[in-house]
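Breakdown of the fold
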Amino acid sequence: QYFEKAGIKMLSTTANLTDIQVEQLLTDTERANKIAFLPDTRIELWKALRYNWFRGPGHDVQFVERSKVPSLFLPKADYKEVDWNVKVADIDPDRARQFVRKSKPSDAPAFRGPAVITYQFEVYKRQMDIIYEFKDIERSVAEWQMRDPKTMLREDTREEVMKLRIRNLEEAVHVLLADLRSKSFPLCRWWHRDPRIAKLDALLYKCQWQGEAI
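The structure displayed is predicted, hence computed values, not measured ones.

Analysis parameters
Residues numbered from 1 in each chain as written. Predicted model: local features only at pLDDT ≥ 70, side-chain atom pairs only at ≥ 80, totals over all residues. Heavy atoms only, no water. Salt bridge = Lys/Arg side-chain N within 4 Å of Asp/Glu carboxyl O. Helix = DSSP H or I, 4+ residues; strand = E, 2+ residues; numbered from the N terminus. Buried < 20%, exposed > 50% of the residue type's maximum accessible area, 1.4 Å probe, protein only. Core = buried A, V, L, I, M, F, W, Y, C linked by side-chain atoms within 4.5 Å. Contact = heavy atoms within 4.5 Å.

A look at the pattern of salt bridges
Evaluated as defined, the whole model comprises 9 salt bridges. Here Arg 165 makes a salt bridge to Glu 133, at a shortest N to O gap of 3.0 Å. With a gap of 32 residues between them, Arg 165 in helix H6 (residues 157-184) and Glu 133 in helix H5 (residues 129-145) connect regions that are remote in the sequence. The class of Arg 165 is partly exposed, set by a relative accessible area of 26%. By relative accessible area, which is 35% here, Glu 133 ends up partly exposed. Connected through salt bridges with shared partners, the residues Glu 133, Asp 136, Arg 139 and Arg 165 form a single ionic network.

This is the structure we're talking about:
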């Protein structure tokens, strides 16, 4: 009866009310009736209005209690993942960028050929963002080349999107190279030996090669 006095006689079950809308609805009802709901009653009304959409027609969304939500694993600051014996192809790409593997000859006996041992080192220094952008494009191009041609379309738009990404990346590399060279030239006579410039030059060549590979 409080809602009827506030002018709210019917609520649509298809309306997905937000937290702010439900709070405003309860506040208007309290103001119209000049009352204040008890905390326990207000919580029950809030849940009934907020979760009404879950029980509406055409919704298969099941409400999950807070106690049933699985807990997250939060490692300590010095935690290291034990994945040195897992293939790089089977590791998540975000994790694969956090380490580097190097192989060196070993004195251990081997059945065929020289014995090789692989070391895994954690990488704590982040490279330029454009490097990771190129790695993402490189992975996309490799997956595209392995696709079945029968599943592709004539003048496929996905191919145009990859070409556009490569073109935008090349333009970004040109801008960074021009900026680095303009800053390095007055300070250093051998500016072309700057490792960042050499890395960007190699990245630009790889971008052009990826564009031709599509």
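A closer look at the nonpolar core
In this structure, Ile 130, Leu 169, Val 173, Leu 177, Leu 200, Leu 203 and Cys 207 are the most contacted members of the largest nonpolar core, which totals 17 residues. Elements supplying a minimum of two residues to this core: H5, H6 and helix H7 (195-213). In this view, Leu 169 contacts Ile 130, Glu 133, Phe 134, Ile 137 and Cys 207; residues no more than four positions away in its chain are not counted. Ile 8, Leu 17, Leu 25 and Leu 26 belong to the second-largest nonpolar core, a separate cluster that totals 6 residues.

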